[in-house]
Every structure is written in C-alpha cells, then in structure tokens.
Amino acid sequence: MAEHLARLNPEQRMAVETLEGPVLVLAGAGTGKTRVLTTRFAHLLLTGRASPGQILAVTFTNKAAREMRERLAALLGRPVEGLWLGTFHALAARMLRRYAGLVGLDANFTILDADDQLRLLKQVMEAERIDAKRWPPPLLMGQIQRWKDRGEGPRAVTAAMAGDLAGGRLPALYSAYQARLKALNAADFGDLLMYMTEILRHNPDLLGQYHRQFRYLLVDEYQDTNVVQYLWLRLLAQAQHNICCVGDDDQSIYSWRGAEVENILRFEKDFPGAKVIRLERNYRSTAPILAAASALIAHNAGRLGKTLRPGSEARAPEASERVAVLSLWDSEEEARAVGERIEAWRRSGESLAEMAVLVRAGFQTRAFEERLITLGIPYRVIGGLRFYERAEIRDAIAYARLLVQPGDDLAFERIINVPRRGVGAVALRALHERARAADTPLTATAAALLAEGALRGRAGEGVRGLLAHLAIWRETLAREGHVMAMRALLDESGYTDMLRADKSPEAPGRLENLKEFIRALADFETLAGFLDHVALVMENEENTTSDKVSLMTLHAAKGLEFDNVFLPGWEEGVFPNPRALEEGGIKALEEERRLAYVGITRARKRVVILHAAQRRIYANWQDSIPSRFLDEIPEEWLARGGSASRQARPLPGTRGAVTAFPLHARAPTAKARGIVVGSRIFHQNFGHGTVVAAEDDRLEIAFDEAGTKHILDRFVEPA
DNA sequence: GGATCGCTGATTTTT
DNA sequence: TCAGCGATCC
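Parameters at a glance
- Residues numbered from 1 in each chain as written.
- Chains lettered and ligands numbered in written order.
- Predicted model: local features only at pLDDT ≥ 70, side-chain atom pairs only at ≥ 80, totals over all residues.
- Heavy atoms only, no water.
- Phe/Tyr/Trp six-rings, centres within 6.5 Å; stacked < 30°, edge-to-face > 60°.
- Helix = DSSP H or I, 4+ residues; strand = E, 2+ residues; numbered from the N terminus.
- Buried < 20%, exposed > 50% of the residue type's maximum accessible area, 1.4 Å probe, protein only.
- Lys NZ or Arg CZ within 6 Å of the ring centre and 35° of its normal.
- Near = heavy atom within 4 Å.
- Polar contact = N/O pair within 3.5 Å; in protein donor to acceptor, adjacent residues only side chain to side chain.
- Nonpolar A, V, L, I, M, F, W, Y, C, P; charged D, E, K, R; others polar.
- pLDDT = per-residue confidence, 0-100.
- Contact = heavy atoms within 4.5 Å.
- Pairing = 2+ DSSP bridges.
- Axes fitted to C-alpha atoms, helices over the stretch in contact; angles between N-to-C directions.
- Expected span 1.5 Å × (residues − 1).
- Salt bridge = Lys/Arg side-chain N within 4 Å of Asp/Glu carboxyl O.
- Parallel < 35°, antiparallel > 145°, perpendicular 65-115°, else oblique.
- 1 Å grid on protein atoms, 1.4 Å probe; cavity = no way out; pocket = protein on both sides within 12 Å on 5 of 7 lines; lining within 4 Å.
- Points joined across faces, edges and corners; volume = space filled by probe spheres on them.

1. Some details on the packing of aromatic side chains
1) Next: Taken as a whole, this structure holds 17 aromatic pairs when the rule is applied.
2) Next: Taken together, a centroid distance of 5.7 Å and an interplanar angle of 85° make the contact between Y222 and F267 edge-to-face. With a gap of 45 residues between them, Y222 in the loop between β6 (216-219) and α12 (227-237) and F267 in helix α14 (residues 267-270) connect regions that are remote in the sequence. No difference in accessibility class separates Y222 from F267, as the two residues are buried.
3) Next: Consider the rings of F524 and F530, whose centres lie 5.5 Å apart with planes at 75°: the pair is edge-to-face.
4) Next: Look at F524 and you get partly exposed, because its relative accessible area is 23%.
5) Next: Its relative accessible area of 0% is what places F530 among the buried residues.
6) Next: In textbook terms, an aromatic cluster arises when at least three aromatic residues are bridged by ring pairs, as seen for W84, Y99, Y210 and F214.
7) Next: Above the plane of the ring of F109 lies R97, whose end atom (NZ or CZ) is 4.1 Å from the centre.

Listed below in structure tokens is the structure:
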C-alpha cells in the first residue's frame, strides 16, 4: 500500500488519507481524480477501517463504476466481492427491491426507460382528456421528471408550481401517471431515488440499519448531483459524516438534466467541518492548453476557484504547440480542414484513436462523417442509438418482460402485433376498454375475452396464438433456462422469420443484433437479472481498440482524453448554443463556457478550434462571427490560421479554399504528375478513386465512394 | 392494416 | 434540408 501512496502528490495523498469527516475533493480536469478515488477506496480496505460491504461508492455512469471496480482490483491485486459500488440508480434500485413494499411495489417491479415512460404518459393523458397536440407529452414528461429530480412526489406539487401546463391539470396528470406506474408494478428512473429517499426519511429503523452498514461514502462527479440524489446521500451520511465527494464545479454541464451546481458550492455548509482539498496539478495537457482553458473558465463567476497548473516539467510551454485557431470561409471548408489535419497527423504517425472531433450538437457530426468517408478515414460516432434502444432489441426485451411479468401491459402492447398477428387498433381498443373496466392486466383481459368468444376473426386467432405460445415459453424458461427460452421465443413467435423476410438493408443487421442479444443473455443467471441490467446499464460495449477517429458531442466527451482534439463550430449561433442562452440567460452562458472548458481540457497535446464565416443552417446560408469564447482566450496561447484568418487573406475573387491545387493556381497536367490510366488518385470532393480513362486534360475516374465521374486533371492528385 | 402525403420543427441526454 | 409524425386514403 505504501507504494500506492508514494505515487501520489501531496494533495492527492491528503485526499486519500483524510478518512474521517466530510471531505470535498475539488479535482480539476486531468488531476488524477480517479486515481484518488480508487486509492482512497483501497486505503479504507487495507487499513482495516472498513470491509467492502461497508463502503458505499456512487458514480454517475456505469462506465465510471466499472473503471473504479477494475482499478480497485488492480490496486489490491484481486477482485473484490460484496461491494456496494455502482451508479446512483443501480444502488437505489438495489435498495428499493428490498423495500418495494413500503411504496406499494412488488420486489420484481419493472424499471421503465424513457420510451415506455412517454408511451405511458400519452395513455394517461388520453384517459385524463388532455390534448396531446396542445401539450406535447415530452414537455409534460420533462416537468414531471424535474419534480422527481427534486424529490417532489405528486403530493408535494402545487398548482402554482405547475403553472398553466396541461391547462393547469399537470398535478392531476402526475398523480394519475404515478398511480398507473404502481398498477403496472413499474418505476421510472426518477422514482428509484425519489422512493428510496422517501423510504429512508420515513423509516428511521431502516435508515439506522444503513447507517450501521455504510461507514464510508464515496461520491464521484458530485457537481452533477440533483436534489434527490443529494437528499439521498445526506440521509445516508447523517450519522457518521464520513462522506467524501469528488467533483469539479467547472465541469458541471448537466443542469438541464436537473443537476445542481449549488450542491457542490454548498458542500461546506451542508457538511459542517468539511475539509476541502484542491487537486490542481494537471498531468494531462500541455501548458498552452491549460493556460487557454484556465483563462476561458476564469470568465465564470461563482466558482469555487481552482487554477490548473502543469503537473510535470516535461510539459514546459516552449516545448508545446499553442492552441490552433482556424478561421475558414464556410462549413464545408471546416470539414475539409479537419480531414486534412487528420491525414497529416496520421502520416506523421499519430494514431486515429487519439483524435477526436467534439461538437456542441449531434447533427454537427454529419459533415465530418461525410468528409471522413470521402477520405477513407475510419471513424466512430459515440452516442446516438445505443444497443438496447434499437427497435428489435426493445421488442425482444418486451417479450422477455412479458415472460417474467404477465401483467406488464407496456410490454404486451409493444409486441402484441409484432410480428403481425392481425391485431389492429380496433381489437386493441376493445382490450383496453375491458381491461380498464375489469381492472385486470391486458394479458388476463385478452384471455377472458377469448374465453367469452368476444375476440374473433384474425385478431382473435392472433391473440390466442400468442397467449398459447407465452405459456409454452414460460415452461421452457422454467425447465431449460432463459437463454433457451428466448431463443425459442424469437423463432417460434415468427420474429426472426419476419426479419428474414424483410428486404430492407437494415434487416441483416437487426438479425445480427438479436444474436448479440442472446449472447448477452448468457452472461446473466436469470432473466430478471438481465432485465435489470438492461434497464440500468443501457450501453454499448463498442470495442475501443480499433484505430478510429472519435466523433461525439462535448457532453459525451466528459471524462475522456485524447492526444489531439478538434473543436469545430466555435461561432455565435452555434456555440454558445443560442437556445440554451434564451432559456437560461447568464447561468446558461456559464454552462456553455464550462462545456468549452471541458472540450479544451480533453486534449493532451494539441487543440484545434475552428470556426466558419458562413454556415448552412437548414436551407439557407448564414453569416457567422467567431464565438465569444475565442475572445476570452489571450492571443498569446493561440496560433491563428486558416483561409479566412487575418494572417491568411485569400486572393481576391476566390473563396480561399484550402485545396491541394486551388482554382486560381495552375496545376501541372496529369501526365506531368505521372497520372495515367490505372493510377490511384485523390479528389477533394469525391475522395479516392482509380483512373479508368484519360483524354487531354479530362480524366474518367471510378471513385471508391462516389461512383464514376469525368474530372479535369488539375483537380486530382496522386494518391 | 399498410402505404403515402404533408406538416412541423430541428441542444445537450451519464441513468 | 430532412426526418419523423399523424392524418388520410386504398
């Protein structure tokens, strides 16, 4: 252990060894936060202060939890059993399964995802006769979620808090929605923490039990906690006060999801006698990168205050490049410039996996994707649809849920007619009406209607077939286990046949996904265990080993690092995001600035910030001026360039495109450059290709991606 | 029950 | 510009 401690700097060591009482570790970007967390964890175990089950360690993401678990095992030289280490939601769910009865749920309650939540809300809105046109369900759902994030159940919500949403009937809708969830034996994400907080608050015995169990609390990313998470932590910490929170107020970028920076700003008040430890030595980035990031974030008010300093001598300023700022004429040129640099760096031996393009909004990745495809550069887009959100996977999950819980109406509705069983809107409405009247789940209702002969024709046959199958699959589940049962289900339900018959280009991929689904099932002992995992861990395990450029939003980039980082779209109108500013004013501007700070501090070696003078927004071109954030970084840390920069004015009458052979330059002929029929060439717009014919200065080229085209020779270069 | 038309609206989204 | 939807038609 001494060895692990010896590897820490004095502040880190303090953060690890201050075990008693509340501790707030303010960890700037790249200052060894994870190392501190895991070493502290190991330290508690190795000094015999606590056993694994006596430490509650909370993270926000499954990824962070996994990393902590792995690094802890590495530190200790063996995997650790019996840990209470996980995300807020996973830990709350684990607790709630034990005490579900206290809030009117069964232990095997279903955890609904966003999609289910919305469908359920729509149904309740219909029942409550609230016009979904006038009040978009996502808007109302958003408000309900914000209440849950603050720990406010339907009873805590007043008419004043709801305003005129849903014509002033949102509180009633909220109540009805919660009642419906309970009737379905289901909880949404917000419920997990809200219910658990409620339970702890009203059951002192139970709380006392947890107090005796959890002697130490460790919390990661504290700046991102919302009110209910804070309340939950405070309840659990109120006996022993041994709570250690790690976070960075400068990286709080999730306020729009209910996170309250105030939690971290208030820490010393909330936990009297708290010790605050600052980690400011950055071991990640070069000095110019740190200086630029620090100067930028200094424009925010109300910070706890930290200054990142280069942590090691090797990162001396003169040894490093300044932050590059490229001013371009338009967004297409911006994409080209990024592509060119990536190629240049790749040629000089940099790995693609160490390059990332970080954008403000998801749609921005498209331009770069297109460019990279043209150039034949491998890339991956992080974010987007995740594995468990794909339609075929969600269908399979719905079937699985129905096996485990016959009363799962949402699952039933999802798959009742997938594959087609002739059950349409009419039959479904009849089912619903009866179910509501008899207050029975849809499956039971369907059986009753069939028995009465009230469900006939195609729909009747379809429903009868499904119910019979479900009974058989449940038997298979009991006898041969969940993997066999699900395999049988996918075949016998006609689901795989449906996909096989599907001629669309996506169908083969969907079948492949289902195979992957079956493989994933095998990692779990029970179907219920798998379903819990799916609900709480919704993620893709994409292999990060392949050498690809990463494209993602700034939000998705938090916690990651790369040698080389591109930050495109630094323009007013794009970044800071105008909608955010509209909604949140100065607070939102500061959050946007933190986002910029997160972006810059992802880089170890180089940052390239780009902005374009013109950008096409939807249909039309718009003039753009550089982002105000660029003005907030002192020139001394910047190296300006690009066709539209002051240093690089283009020739009059040209658009200043950065092409190998600009329009205004006379390029050598194809022959002079050794381009003949059969040559591999490269074209700025169409990428790589092969020359199939040549006549004078005209070439016919079969491009790898763009098809065959006639091109003047001066626009291509040898590949 | 499924295909087609036309309108709308378009940030971020750890769980 | 364009995807995603609800309404409408066959």
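The discussion continues.
2. Some words on the protein's contact with DNA strand B
1) Next: Lining the immediate environment of DNA strand B, one finds 28 residues, of which R257, R420, G424, T553 and A580 sit closest.
2) Next: Counting only the atoms of DNA strand B that lie within 4 Å of the protein, the sugar and phosphate share comes to 54%.
3) Next: R257 has a polar side-chain atom sitting 2.6 Å from a base nitrogen of DNA strand B.
4) Next: With respect to DNA strand B, the backbone of G424 contributes an N or O atom lying 2.6 Å from a phosphate oxygen.
5) Next: Looking at which element gives the most residues to the surface near DNA strand B, the answer is helix α28 (residues 578-600), with 3 residues.
6) Next: Taken together, the residues of the surface near DNA strand B break down into 10 nonpolar, 10 polar and 8 charged.

3. Here's the deal with the confidence of the model for chain A
1) Next: Put simply, chain A has an average pLDDT of 88, and 94% of its residues get 70 or more.
2) Next: For residues 647-667, every residue scores under 50 in pLDDT, and the model assigns this stretch 31 contacts once sequence neighbours within four places are set aside.

4. Some words on the sheet that holds strand β19 (residues 680-683)
1) Next: Spatially, β22-β21-β20-β19-β23 is the arrangement adopted by the 5 strands of the open sheet, whose pairing is antiparallel. One side of each edge strand has no neighbouring strand; the edge strands of this open sheet are β22 (707-712) and β23 (716-718). Strand-to-strand twist of the sheet, defined as the mean angle between neighbouring strand axes without regard to direction, takes the value 45°.
2) Next: Pairing between β19 and β23: 3 bridges, direction antiparallel. Of the residues in β23, the one forming a bridge with I681 is P718.

5. Side note on helix α3 (residues 33-46)
1) Next: The end-to-end C-alpha distance of α3, which contains 14 residues, comes to 20 Å, matching closely the 20 Å that a straight helix rising 1.5 Å per residue would cover.
2) Next: Of all the 14 residues making up α3, 11 are buried; the element is thus mostly covered by neighbouring parts of the structure.
3) Next: Listed in full, the buried residues belonging to α3 are K33, V36, L37, T38, T39, R40, F41, A42, H43, L44 and L45.

6. Some remarks on the pattern of salt bridges
1) Next: Overall, the coordinates contain 52 salt bridges when judged by the stated rule.
2) Next: Its salt-bridge partner being E350, residue K605 comes within 3.1 Å of it at the nearest N-O pair. Taken as a pair, K605 in strand β16 (residues 603-617) and E350 in the loop between α16 (331-347) and β12 (355-359) lie far apart in primary sequence, 255 residues in all.
3) Next: Linking E632 and R593 is a salt bridge whose minimum nitrogen-to-oxygen distance equals 2.7 Å. Highlighted residues: E632 in the loop between α29 (628-631) and β18 (638-641) and R593 in helix α28, separated in sequence by 39 residues. Exposure class is identical for E632 and R593. Each is buried.

7. Observations regarding the packing of helix α9 (residues 170-183) against helix α10 (residues 189-202)
1) Next: Two numbers describe how α9 lies on α10: the axes approach to 13 Å, and their chain directions differ by 90°. Looking at the two axes, α9 sits roughly perpendicular to α10. In contact with Y174, Q178, L181 and K182 of α9, α10 contributes D191, M194 and Y195.
2) Next: Considered class by class, the residues forming the contact of α9 with α10 number 4 nonpolar, 1 polar and 2 charged.

8. Quick notes on the sheet that holds strand β3 (residues 84-87)
1) Next: The strand order β3-β2-β6-β7-β1-β8 describes an open sheet built from 6 strands, whose pairing is parallel. Both outer strands of the open sheet, β3 and β8 (275-279), are each paired with one neighbouring strand and no more. Averaged over all pairs of adjacent strands, the angle between their axes in this sheet comes to 15°, without regard to strand direction.
2) Next: Relative to β8, strand β1 (residues 23-27) runs parallel, the two being bridged by 5 bridges. Counted as the bridge partner of V25 is I277 from β8.
3) Next: Most of the contacts of helix α2 (residues 10-17) go to β8, to which it runs at about 145°, and overall it touches β1 and β8.

9. So, the side chain of H611
1) Next: Note on placement: H611 falls in strand β16.
2) Next: According to the relative accessible area criterion, H611 is buried, its value standing at 7%.
3) Next: In terms of polar contacts, H611 uses its side chain to reach the side chain of S327, at 2.9 Å.

10. Observations concerning the layout of surface pockets
A probe as big as a water molecule, rolled over the atoms, marks out the empty space that is left.
1) Next: Estimates place the volume of the second largest pocket at around 950 Å³.
2) Next: Together, 27 residues line the second largest pocket, and S331, F363, A367, R615 and R616 are the ones closest to its centre.
3) Next: Going through the elements one at a time, α16, α17 (365-375), α28, β16 and β17 (620-623) are the ones with two or more residues in the lining of the second largest pocket.
4) Next: Per-element tally for the lining of the second largest pocket: the top contributor is α17, with 6 residues.
5) Next: For the lining of the second largest pocket, the per-class residue count stands at 10 nonpolar, 7 polar and 10 charged.

11. Brief notes about unusual backbone geometry
1) Next: The omega torsion of the bond from V418 to P419 falls at 0°, within 30 degrees of zero and hence cis.
2) Next: Positionally, P419 belongs in the loop between α19 (409-415) and α20 (425-438).
3) Next: Look at A166: it is not a glycine, yet its phi comes out positive at around 55°.
4) Next: In this structure, A166 sits in the loop between α8 (159-162) and α9.
5) Next: A166 gets classed as buried once you look at its relative accessible area, which sits at 3%.

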